[in-house]
Amino acid sequence: MRSRSFWTGRCVDPLIRACEHCAGKVPYFLNVLLGSAQHIGARREQQDNFGFSDTDSPFFLGHGGVLAVLADGMGGLLMGGEASRVARDALLREYQAKEPEEAPSEALERALHAANVAVFEASRQEEHEGRIGTTLAAAVIKGEWLYWVAVGDTRIYLYRRGRLIQVTEDHVYAEELYRKALKGEMGLAQIRSHPQKGALTSHLGMLLLRHVDRNFRSFRLDAGDRIMLCSDGLHGAISRQEMVSFLGLEPSEACERMLQKALSKSKPQQDNITVVVMAYEPRRGLG
Amino acid sequence: MLDERGCWVVADGLGGYRAGEVASRLAVETIVASSRIDHEVSPGALEKYLQEANQTLLRRQEEDPDVNGMRTTTVVLVAQGREALWAHVGDSRLYHFRQGRVRFCTIDHSVPQSLVEAGDILPESIRFHSDRHRLLRVLGKDRRVQASIETEKQLLEGGDALLLCTDGFWELVYEAEMEVDFVKSLTPEDWLEKMEIRLFKRANGHHDNYTAVGVFVEE
C-alpha cells in the first residue's frame, strides 16, 4: 500500500514557493493540495498507475498548472499493468512538454492522443496489436480553472460544499442502454441485470478513441473544491455517501480513509484501488 | 442568436391531469403569440404577455367548467441581439450561465423559498422539502398575476447560456451538474441530453414530468 502527502518542497511554507524566474522576490503561490492512496486489492497484479506533473518547477506550474493522471489497465486483456504504465508515462511526458503558449486544454488533448498511440505501439511490439488496453483519466488545475480528459470507467468527481457529483460519464455499455431506456426502448431492471453492462465502450489502445469525456470550455473552481480521480476498484466498492463523508478531510487523509473503507468491505474479488484527490485551496497559506 | 430575436417559454400546468395540460399549453401559446405581435425586450412587454396569458386562462375557466382550477407556472425569456430579459411565475426557473458558472437563478414563488428567505432552511434544502410543490403565485388564479420581472435589460456575452426548466427537471439535476455538463457540450442539445441522463438515473424510473430549454449565446 502506498499513500503519501505530496508536499516535499524545500520551501518554508509548503504552499508558497519562491519563483526561480524572479529570484525569490515574488512568492509563487501553489493553489493545489494533492493526496493519493493505492492498494492491490485481492488481485495478483497492480494494474493501476497514477502520477502527477512536476510541481517543483514554478515556471511550469505557472503555465501548465498541476496535472494528475490515473490509468487502470484492462485485466481481461493482456498486460494490463504495462498498458496503464505506458499510458501514464506518455501522458505525463507529453503534458510536461507543453510550451507556455499552448493552452492547457490543447496540451491535455495532445497528451491523451500520445498516450493512446503509445499503448497501441506497445501492443504492436508485443504482437498483441489492439489487444492491450487501459482506461485513463487526467485532470489539470491551473489557476482557478479545471480541465480534464477521461476514457473508460476511471472517474473524475467534483466535491463542492458537501455534495459530490460525477464529472465524467463512464464509457461502458450500460450508458448506451440508459439512452435506450430514456426513449422507452428498455426497462431499468434489464440494464441492472445485463451481463455486458460494465463492458468498456472506449479505452486507450484502440487506434481511434470512440469516446472521450472532456470539457470544451474552461470550468471554474471554487475555493475548497476537491477533484477526485479513482479507479473502479474504489467506486465499485464504496458508496457516494461514504466518499462524501471523507472528502472534506485533508486530501492525503481523505484518500487513505476511502481506501481503508473499501478494504474493510473484504470483497473477495476486490479490484486494484487507486484514488487521487486534488484540493483547490487558493486562500490557504496566504494567511 | 446574434442578430435574431427570440422568445422562449416553459410552463408547468397544475390542477388535474387534463386541466394542467390545457393551462400550460394556453400560457405558452398566448405568450409566444403576444411576443410575435410586439416583440420588445422590455419589462413592460413581459408584463403584458403574462397578464394576457393570465386573462386567457381565466376566460377559459369561465367557459369550460372541466378545466376550472387549472393553473400554471411559467418562465419566459425574450432576447434581441445581445439584450435579454426574463420573467417568471411559480417555480419554473431560469438559470443564466456565464463562464460556465451559474450567474443568476430566478427565485421561486413557493413555500420552501419563503422559508429560505425567513432563514428557516438553506437554499439547498428546497429540492427535498416536503412542501416544495406548494406555490405562492401561479397563472390562472387571480385577476392580475404578480410576476417577477427582471427590471434591467441583461447584456448577454458570447459563451453565455440560459436554461429554462420546470421543477421536475431542476429537482433532479444539481447546479454543479448543469455547470459541468455545460462545459462538456458543444450544442444545447448535447447539454440537455447529458443532464437528462443524470435526471433519469437519479429518478430511478420515478420521475415526474419535466421540461427544459437550453439556449447558447454564440461566441
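Note that the structure is predicted; figures quoted are calculated from it, not measured.

1. Details of the overall build of chain B
For chain B, the count of helices and strands is six helices and nine strands. Since a compact globule built from 219 residues should have a radius of gyration of about 17 Å, the 17 Å found for chain B is in line with a globular shape. Taking the principal axes of its C-alpha atoms as reference, chain B extends roughly 50 × 40 × 35 Å. Across the 219 residues of chain B, 46% fall into the buried class. Across chain B, the fraction of contacts at a sequence separation of at least 24, relative to all contacts at a separation of at least 6, is 68%.

2. A short note on the nonpolar core
All names here are of chain A. Ranked by size, the top nonpolar core spans 135 residues in total, and within it A139 and M278 carry the most contacts. The leading source of residues in this core is helix α3 (residues 104-125), at nine residues. Apart from residues lying up to four places away in sequence, A139 is in contact with A68, L146, W148, I156, I227, L229 and M278.

3. As for the packing of helix α2 (residues 80-96) of chain A against α3(A)
The axes of two packed helices give the description: the angle between them and the distance between them. Residue and element names in this part refer to chain A. Where α2 meets α3, the closest approach of the two axes is 8 Å, and the angle between their N-to-C directions is 145°. Viewed along their axes, α2 and α3 form a crossing whose handedness is right-handed. Contacts from E82, A83, V86, A87, A90, L91, E94 and Y95 of α2 reach α3 at A107, L108, R110, A111, L112, A114, A115, A118, V119 and A122.

4. Thoughts on the pairing of strand β13 (residues 226-230) of chain A
Residue and element names in this part refer to chain A. With five of its five residues buried, β13 lies for the most part within the structure. Of the two faces of β13, the one holding R226, M228 and C230 and the one holding I227 and L229 are both buried throughout. As paired elements, β13 and strand β14 (residues 273-280) share five bridges and run antiparallel to each other. Its bridge partner being in β14, R226 is matched across the sheet by A279.

5. Side note on the environment of B:S185
Mapped onto the secondary structure, B:S185 falls in the loop between α5 (175-183) and α6 (188-203). Apart from the residues lying within four places of it in its own chain, the contact partners of B:S185 are B:D190, B:W191 and B:K194.

6. A few points about the packing of helix α4 (residues 173-182) of chain A against α6(B)
Here α4(A) crosses α6(B) at 85°, and the two axes come no closer than 10 Å. Relative to α6(B), the element α4(A) lies roughly perpendicular. Across the interface between the two elements, A:Y178, A:R179 and A:L182 of α4(A) pack against B:E196, B:I197, B:F200 and B:K201 of α6(B). Partitioning the contact of α4(A) with α6(B) into residue classes produces four nonpolar, no polar and three charged.

7. Examining the environment of A:E126
One can find A:E126 in the loop between α3 and β7 (134-142). Through-space distance from the C-alpha of A:E126 to that of A:M79 is 9.6 Å; in sequence the pair is 47 residues apart.

8. Observations concerning the sheet that holds strand β8 (residues 161-165) of chain B
All names here are of chain B. Read from one edge of the open sheet, four strands run β5-β4-β8-β9, paired in antiparallel fashion. Both edges of this open sheet fall to β5 (101-105) and β9 (212-216), since each of them pairs with a single strand only. The average angle at which neighbouring strand axes cross in this sheet is 20°, direction not considered.

9. Side note on unusual backbone geometry
All names here are of chain A. For R161, which is not glycine, the phi dihedral falls at a positive 45°. For R161, the position within the fold is in the loop between β9 (155-160) and β10 (163-166). Here S266, not a glycine, exhibits a phi torsion of approximately 45°, which is positive. Within the secondary structure layout, S266 lies in the loop between α8 (251-264) and β14. Assessed through the 8 C-beta atoms surrounding it within 10 Å, S266 is described here as exposed.

10. Re the interface of chain B and chain A
Taken together, the contact between chain B and chain A spans 17 residues of the former and 15 residues of the latter. Of all the elements in the fold, those that place two or more residues in the side of chain B that touches chain A are α5 and α6 of chain B. Looking at the side of chain B that touches chain A residue by residue, the class counts come to seven nonpolar, five polar and five charged.

11. Brief notes about α5(B)
Within α5(B), eight of the nine residues are buried, which leaves the element mostly enclosed by the surrounding structure. Three or more residues of α5(B) are buried, namely B:A176, B:E177, B:M178, B:E179, B:V180, B:D181, B:F182 and B:V183.

12. Focus on the environment of A:Q196
Here A:Q196 lies in the loop between α5 (188-192) and β11 (213-214). Separated by 42 residues in sequence, A:Q196 and A:T154 have C-alpha atoms that sit 17 Å apart.

The rules behind the values
- Residues numbered from 1 in each chain as written.
- Chains lettered and ligands numbered in written order.
- Predicted model: local features only at pLDDT ≥ 70, side-chain atom pairs only at ≥ 80, totals over all residues.
- Helix = DSSP H or I, 4+ residues; strand = E, 2+ residues; numbered from the N terminus.
- Rg over C-alpha atoms; globule rule 2.2 N^0.38 Å.
- Buried ≥ 20, exposed ≤ 12 C-beta atoms within 10 Å, placed from the backbone.
- Contact = placed C-beta atoms within 7 Å.
- Core = buried A, V, L, I, M, F, W, Y, C linked by C-beta atoms within 7 Å.
- Axes fitted to C-alpha atoms, helices over the stretch in contact; angles between N-to-C directions.
- Left-handed = near helix turned anticlockwise from the far one by under 90°.
- Pairing = 2+ DSSP bridges.
- Parallel < 35°, antiparallel > 145°, perpendicular 65-115°, else oblique.
- Nonpolar A, V, L, I, M, F, W, Y, C, P; charged D, E, K, R; others polar.

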